[in-house]
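Per-entry structural report
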Amino acid sequence: MPDLSARFWGLTGRARFLIIAILGIVAGLGQAPLDLWPATVLALAAAFTLYPANGTAKQAAIFAWFFGLGYFGFTLRWIVEPFLVDIVRHGWMAPFALVFMASGAALFWAIAAYAARRLSGGVVQFALLLIWVEIARSLILTGFPWVLLGHIWIPTSLSQLSAFGGPHLLTGITVLAALAVMMLGRAGRVRWVGLAVVGVLLAGALTLRVGPSEPVNGPVVRLVQPNAPQHQKWDPAYRDQFLTRMLQFSAQGDVPDLIVWPETSVPTLLNYLEQDTSVIADAARGAPLIFGIQRRDELSNYYNSLVVLRAGGVVGDIYDKRHLVPFGEYIPGAGLLGRAGATGLAKNLGSGFKSGAHPGPVDLPGIGAAIPLICYEGIFAEEIATGADRARLIVLITNDAWFGQAVGPYQHLAQARLRAIEQGLPLVRAANTGVSAMIDAKGRVTATIPLGEDGAVDAALPPALPETLYSRWGDWPVFGLLLIMTLGAFIMRSRDND
């Protein structure tokens, strides 16, 4: 081990745990809204330097868990916000929610370190397994691909590589960059390898550099943001005020080609609204209008839905949210309890939303096909269904009032930018409290309504780019390349140990 590593492991256990947790916090500085990506690379490189490459599997797992605890505890701190909406009833749960989320996410990193040492791997093998567990975190138990290590590149030109390999390619680049920085501190040929990797990454960043967006003459889309705080959103004393606000914003100025309202922006069931949509249609003045609303089917199942309202108040396409938030929109396992005979308990637990069956797209008159997404669905790159015919745009409606005013909304917006790059499509994002934005196919924000403000903004819809490699092949090329690299690294390590 290098001298720095030897000194680290000579400290007391508490001191080591504190240092590595602080390193994890520093690594989190690369995520939105701070976007200090060098901090993530340097902190990860330091963690790789201190990693117990010749220690026990238990030592490695504890080391990685504390590093992850610092990282996720810092980056997911917005998770307490939903519990503060009704602080008297739910506020006591806020710290437990953060500890649970951070500890659970850090467990994935601990598993990578444990497996690496059990297989006699060193730091390179741990780094490659770290990419694998970030992929697993995105998929297991419905997935939670939030603050992936690759997300630090979203505000940089390297984000354009997601059009080829999606978010996991960016995670691989993060790990590769950190390994290269670590190698710069080593002697001999290893240092030259690090220099070569850093050089390639710098050259790639310069080659992929994207300039400012240019004016376009596409259809005009009006984004409407009512800025309804979550504790007032469903309050009968306030909810009609927010609806009136959206109607006024929609009816002002010239008639746009499309109007987009946020998730659950209409405070009633579609079943009751469908008989009288004239008020909304009058405000739209003939333009198609997208709004979020809840609806109930003939079997009394409830859905979180996106509705396209056509001219004359005719309800067009309806999209029901498919990827629901566990424990927020439904209770996992409620159906299993019913089949096991606990019907009363299952009925009480299962009173949330039903998952939609159809992926879309929805048809927008005068514009074309749009890929619909509702809130949480915008974080799952692999689930965006492009269909047989290429869509013209992505429409994401969301209610970020749950996320507070500091961190969560900006991290959510950053992921929307990544979805646009991956698919090569412009993305229209309407948020209840912000940030609402028009995002072009390169991930650039061309128009916005800031967080915590009410208002409307008209923005020209940017053009779609040709079909990307990621939209055609998804994550499979990255999975294949990573598998080859991982097997090769363990084989080489095994030969070195013989």
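Everything here concerns the structure above.
A quick note: this is a predicted structure, and the numbers were derived from the prediction, not measured.

What about unusual backbone geometry?
Negative phi characterises most residues that are not glycine, and trans characterises most peptide bonds. Along the chain, Ala32 connects to Pro33 via a cis peptide bond; the corresponding omega equals 5 degrees. With respect to the helices and strands, the residue Pro33 is situated in the loop between α2 (13-27) and α3 (37-50). A cis amide bond links Gly434 to the next residue, Val435, at an omega of 5 degrees. As for its position among the elements, Val435 is in the loop between β9 (427-431) and β10 (436-439).

Section: the sheet that holds strand β2 (residues 258-260)
Ordered in space as β5-β4-β3-β2-β1-β12, the six strands form an open sheet in which the pairing is mixed. Of all strands in the sheet, those with a lone pairing partner are β5 (314-320) and β12 (455-460), marking the two edges. Across this sheet, the average inter-strand angle for adjacent strands is 30 degrees, counted without regard to direction. Across eight bridges, strand β3 (residues 289-296) lies against strand β4 (residues 302-310) in antiparallel orientation. The partner of Gly292 across the bridge, within β4, is Leu306. Each of β1 (220-225), β2, β3 and β12 is contacted by helix α11 (residues 239-251), which is oriented at about 155 degrees to β1, the strand it contacts most.

Digging into the sheet that holds strand β7 (residues 368-374)
Taken in spatial order, the six strands of this open sheet run β6-β7-β8-β9-β10-β11, and their pairing is mixed. At either margin of the open sheet sits one strand with a lone partner, and together these are β6 (362-364) and β11 (445-449). With direction set aside, neighbouring strand axes in the sheet form an average angle of 20 degrees. Note: β10 against β11, four bridges, orientation antiparallel. Directly across from Ser436, in β11, lies its bridge partner Ile449. Here helix α16 (residues 408-423) sits on the sheet in contact with β8 (393-398), β9, β10 and β11, set at roughly 160 degrees to β9.

Some remarks on the packing of aromatic side chains
What the rule picks out here adds up to 21 aromatic pairs. Linked through ring pairs, Phe8, Trp9, Phe48, Tyr51, Phe63 and Phe126 together constitute an aromatic cluster. Above the face of the Trp234 ring, Lys233 is positioned so that its terminal group lies 5.3 Å from the ring centre. We note Arg295 situated over the ring of Tyr303; from NZ or CZ to the ring centre the distance is 4.5 Å.

A word on helix α8 (residues 162-184)
With 23 residues, α8 extends just 27 Å between its outermost C-alpha atoms, more than 12% less than the 33 Å of an ideal straight helix rising 1.5 Å per residue. At His168, α8 is deflected by roughly 75 degrees, the largest bend along its length. A large share of α8 lies buried, amounting to 18 of its 23 residues.

Concerning the packing of α3 against α8
Between α3 and α8, whose axes approach to 8 Å, the crossing angle comes to 60 degrees. One way to sum up the angle between α3 and α8 is to call them oblique. Here the hand of the crossing between α3 and α8 comes out right-handed. Residues Thr40, Val41, Leu42, Leu44, Ala45, Phe48 and Thr49 of α3 form the contact with α8, whose participating residues are Thr174, Val175, Ala177, Ala178, Leu179, Val181 and Met182. Broken down by class, the residue content of the contact of α3 with α8 amounts to eleven nonpolar, three polar and no charged.

Side note on the pairing of β3
Most of β3 sits inside the fold, with six of its eight residues counted as buried. Pairing of β2 with β3, which is carried by two bridges, proceeds in the parallel orientation. Paired with Val260 across the strands is Ile290, a residue of β3. Between the end of β3 and the start of β4, which pair antiparallel, lie five residues, with Ser300 showing a positive phi angle near 65 degrees.

As for the nonpolar core
Among the nonpolar cores identified, the biggest contains 58 residues, and Phe48, Tyr51, Phe72, Trp109 and Val175 are the most heavily contacted of them. Broken down by secondary-structure element, the contributors of at least two residues to this core are α2, α3, α4 (57-75), α6 (94-118), α7 (123-139), α8 and α18 (476-497). Per-element accounting of this core gives the leading share, nine residues, to α7. Of all hydrophobic cores here, the second largest spans 25 residues; its members include Leu306, Val308, Cys375 and Leu461.

Quick word on the pairing of β1
Looking down a regular strand, the side chains alternate between one sheet face and the other. Most of β1 sits out of view: five of its six residues are buried. With six bridges connecting them, β1 and β12 associate as antiparallel partners. Bridging from a neighbouring strand, Arg222 pairs with Asp458 of β12. Bridge count for β1 against β2 is three bridges, and the pairing is parallel. Bridge pairing links Leu223 to Val260 in β2.

Details of the packing of α7 against α8
When two helices pack together, you describe them by how their axes are tilted relative to each other and by the distance separating the axes. In the contact formed by α7 and α8, the axes pass within 10 Å of each other and the chain directions differ by 160 degrees. Judged by the inter-axis angle, α7 sits roughly antiparallel to α8. Along this stretch, α7 crosses α8, giving a crossing that reads as right-handed. From α7, Val123, Ala127, Leu130, Ile131, Glu134, Ile135 and Ser138 reach across to α8, where they touch His168, Thr171, Gly172, Val175, Leu179 and Met182. Looking at the contact of α7 with α8, its residues break down into eight nonpolar, four polar and one charged.

Cut-off values and rules
- Residues numbered from 1 in each chain as written.
- Predicted model: local features only at pLDDT ≥ 70, side-chain atom pairs only at ≥ 80, totals over all residues.
- Heavy atoms only, no water.
- Helix = DSSP H or I, 4+ residues; strand = E, 2+ residues; numbered from the N terminus.
- Pairing = 2+ DSSP bridges.
- Axes fitted to C-alpha atoms, helices over the stretch in contact; angles between N-to-C directions.
- Contact = heavy atoms within 4.5 Å.
- Phe/Tyr/Trp six-rings, centres within 6.5 Å; stacked < 30°, edge-to-face > 60°.
- Lys NZ or Arg CZ within 6 Å of the ring centre and 35° of its normal.
- Expected span 1.5 Å × (residues − 1).
- Bend = angle between axes of the 7 residues up to and from the residue.
- Buried < 20%, exposed > 50% of the residue type's maximum accessible area, 1.4 Å probe, protein only.
- Parallel < 35°, antiparallel > 145°, perpendicular 65-115°, else oblique.
- Left-handed = near helix turned anticlockwise from the far one by under 90°.
- Nonpolar A, V, L, I, M, F, W, Y, C, P; charged D, E, K, R; others polar.
- Core = buried A, V, L, I, M, F, W, Y, C linked by side-chain atoms within 4.5 Å.

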